[in-house]
Amino acid sequence: MKINEKYKGIFYIILAAFGFAFMNLFVKLAGDLPAIEKSFFRNLVAVFFAFVVMKKEHIAFSIPKGSGKYIFFRSLFGTIGIFANFYAIGKLYIADASMLNKLSPFFAIIFSYFLLKEKIQPYQLICVITAFIGALFILRPGFDSVATLPAFIGMIGGMGAGLAYTNVRIASKHGAPGPLIVFCFSVFSCLCAVPFIIVDHQPLAWWQLASLLMAGLSATLGQFSITAAYTYAPASELSVYDYTQIVFAALLGIIFLGEVPDVISILGYLIICGAGIVMFLIRKKKEA
């Protein structure tokens with residue numbers, strides 16, 4: 001792999017982290033709306049952009065043989081993940097919600113063992129356990145009942161994302177192109193949100209609609225940037241840089257929302273990020 005391609009990959013993965021951090025900020029700025037209603041508008045923007053990309057790249061709107069159930073599970077678990085993540089963003093500091101969502105790579109390792117029969121290395125198991133210990137500093141079971149439930153739901157969001165990413169890998173192996181997977185997921189999520197919106201719809205003020213559309217645009221920036229990143233470099237070279245989203249989220253929370261994470265949460269961030277960095281370095285050493 002050429003050095004300049006690696007740096008392009010790093011640039012795009014950091015740009016993706018920047019986009020997703022802004023998505024969380026705009027979701028928070030949308031105010032006290034149901035999480036599912038927020039996710040509907042976020043995914044509606046993604047549907048439009050994925051459609052445009054598929055038309056531009058002449059990708060057929062047909063599901064390759066053998067990939068259908070994996071696209072379905074990607075859409076199902078991704079929808080659960082985004083609903084849970086948006087709920088957590090509304091109740092927690094955006095840095096806390098972002099950090100809990102970043103447990104998804106550790107969940108992906110666990111689910112890859114069961115779904116892909118990929119062996120878990122001892123160092124991976126240690127890093128997974130360490131990451132979940134770090135999550136306890138954010139969850140704080142029994143210490144802060146107001147924050148514990150939203151934090152637990154945020155962790156469920158990370159689990160849903162981990163399952164979704166695992167199924168993306170399987171669907172890709174069966175020939176499903178990335179834009180098609182994004183399109184199917186976005187349409188599925190919008191359709192799932194419709195019944196909830198009909199039952200519990202809250203009228204949007206213009207600034208709330210603007211915030212949700214900006215969340216959709218930021219998420220689209222993140223989605224396409226992360227796709228571009230992995231065309232330049234493998235995940236093993238880039239995954240550690242994805243944690244810059246926590247830095248961006250914390251800074252945006254402090255600047256725009258006055259959210260200053262406490263010492264216990266910051267300790268949890270350091271433990272989870274540390275586990276991710278250690279796993280990244282050991283994997284690089286083994287590959288070398």
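Cut-offs applied
Residues numbered from 1 in each chain as written. Predicted model: local features only at pLDDT ≥ 70, side-chain atom pairs only at ≥ 80, totals over all residues. Heavy atoms only, no water. Helix = DSSP H or I, 4+ residues; strand = E, 2+ residues; numbered from the N terminus. Rg over C-alpha atoms; globule rule 2.2 N^0.38 Å. Buried < 20%, exposed > 50% of the residue type's maximum accessible area, 1.4 Å probe, protein only. Contact = heavy atoms within 4.5 Å. Areas by Shrake-Rupley, 256 points an atom, 1.4 Å probe, with all protein chains shown as cover. Lys, Arg positive; Asp, Glu negative; His and termini not counted. Charge placed at Lys NZ, Arg CZ, Asp CG, Glu CD. Core = buried A, V, L, I, M, F, W, Y, C linked by side-chain atoms within 4.5 Å. Salt bridge = Lys/Arg side-chain N within 4 Å of Asp/Glu carboxyl O. Phe/Tyr/Trp six-rings, centres within 6.5 Å; stacked < 30°, edge-to-face > 60°. pLDDT = per-residue confidence, 0-100. Axes fitted to C-alpha atoms, helices over the stretch in contact; angles between N-to-C directions. Parallel < 35°, antiparallel > 145°, perpendicular 65-115°, else oblique. Left-handed = near helix turned anticlockwise from the far one by under 90°. Nonpolar A, V, L, I, M, F, W, Y, C, P; charged D, E, K, R; others polar. Expected span 1.5 Å × (residues − 1). Arc of directions from axis to C-beta.

### A closer look at the overall build of the protein chain
Turning to step 1, where the next piece is worked out: Along the protein chain, the regular secondary structure elements total 12 helices and 0 strands.
Turning to step 2, where the next piece is worked out: In sequence order, the secondary structure elements of the protein chain are arranged as α-α-α-α-α-α-α-α-α-α-α-α.
Turning to step 3, where the next piece is worked out: For the protein chain, the C-alpha radius of gyration of 18 Å lies close to 19 Å, the compact-globule estimate for 288 residues.
Turning to step 4, where the next piece is worked out: Classification of the 288 residues of the protein chain by burial places 50% in the buried group.
Turning to step 5, where the next piece is worked out: Looking at the protein chain alone, contacts between residues at least 24 apart form 88% of all its contacts between residues at least 6 apart.
Turning to step 6, where the next piece is worked out: Summed over its atoms, the accessible surface of the protein chain is roughly 14000 Å², and 72% of this surface lies on carbon and sulfur atoms.
Turning to step 7, where the next piece is worked out: The centroid of the 22 positive side-chain charges in the protein chain is displaced by 11 Å from the centroid of its 13 negative side-chain charges.

### Observations regarding the nonpolar core
Turning to step 1, where the next piece is worked out: Of all hydrophobic cores here, the largest spans 76 residues; its most connected members are Met99, Leu100, Leu103 and Phe106.
Turning to step 2, where the next piece is worked out: The element best represented in this core is helix α1 (residues 3–29), accounting for 10 residues.

### What about the pattern of salt bridges?
Turning to step 1, where the next piece is worked out: Under the defined criterion, the tally for this structure stands at 2 salt bridges.
Turning to step 2, where the next piece is worked out: In this structure, Glu259 engages Lys28 in a salt bridge whose closest nitrogen and oxygen atoms are separated by 3.5 Å. On the criterion of sequence distance, the pair formed by Glu259 in the loop between α11 (244–257) and α12 (263–287) and Lys28 in helix α1 is long-range, its members being 231 residues apart. Residues Glu259 and Lys28 agree in their burial class; the two are buried.
Turning to step 3, where the next piece is worked out: A salt bridge links Asp242 to Lys102, with the nearest nitrogen and oxygen atoms 2.8 Å apart. On the criterion of sequence distance, the pair formed by Asp242 in the loop between α10 (235–238) and α11 and Lys102 in the loop between α4 (94–101) and α5 (104–115) is long-range, its members being 140 residues apart.

### Brief notes about the packing of aromatic side chains
Aromatic ring pairs: the centre-centre distance and the angle between the two ring planes describe each pair.
Turning to step 1, where the next piece is worked out: Tallying each qualifying case throughout the model produces 15 aromatic pairs.
Turning to step 2, where the next piece is worked out: Summarising the aromatic geometry, the rings of Phe107 and Phe132 are spaced 5.0 Å apart at their centres and angled 70° between planes, so their arrangement reads as edge-to-face. One end of the pair, Phe107, is in helix α5; the other, Phe132, is in helix α6 (residues 122–139), with 25 residues separating them in the sequence.
Turning to step 3, where the next piece is worked out: Residue class for Phe107 comes out buried when judged on its relative accessible area of 7%.
Turning to step 4, where the next piece is worked out: Considering the side-chain rings of Tyr113 and Phe114, the 5.1 Å spacing of their centres and the 85° angle between planes classify their relative orientation as edge-to-face.
Turning to step 5, where the next piece is worked out: On the basis of relative accessibility, which here comes to 42%, the residue Tyr113 falls in the partly exposed class.
Turning to step 6, where the next piece is worked out: What links up through ring pairs into an aromatic cluster is the set Phe18, Phe22, Phe26 and Phe248.

### Thoughts on the confidence of the model for the protein chain
Atomic detail in the predicted coordinates should be set aside for any region of low pLDDT.
Turning to step 1, where the next piece is worked out: Summary statistics for the protein chain give a mean pLDDT of 88 and a share of 94% for residues scoring 70 or more.
Turning to step 2, where the next piece is worked out: Model confidence for the protein chain, summarised as mean pLDDT per element, is weakest for α10 at 66 and strongest for helix α3 (residues 68–91) at 94.

### Some remarks on the packing of α3 against α4
Turning to step 1, where the next piece is worked out: Following both chains from N to C, one finds α3 and α4 inclined at 155°, their axes separated by 7 Å at the closest point. Relative to α4, the element α3 lies roughly antiparallel. Relative to α4, α3 is oriented so that their crossing is right-handed. Contacts between α3 and α4 involve Asn85, Ala88 and Ile89 from the former and Ile94, Ala97 and Asn101 from the latter.
Turning to step 2, where the next piece is worked out: Considered class by class, the residues forming the contact of α3 with α4 number 4 nonpolar, 2 polar and no charged.

### Some thoughts on α6
Turning to step 1, where the next piece is worked out: End to end, α6 covers 26 Å across 18 residues, agreeing with the expected 26 Å (1.5 Å per residue, within 8%).
Turning to step 2, where the next piece is worked out: For α6, every residue scored as buried is listed here: Tyr123, Gln124, Cys127, Val128, Ala131, Gly134, Ala135, Ile138 and Leu139. Down the axis of α6, the buried side of the element spans an arc of 160°, and every buried residue falls inside it. Across from the buried face of α6, at angles greater than 90 degrees, the exposed residues are Pro122 and Ile126.

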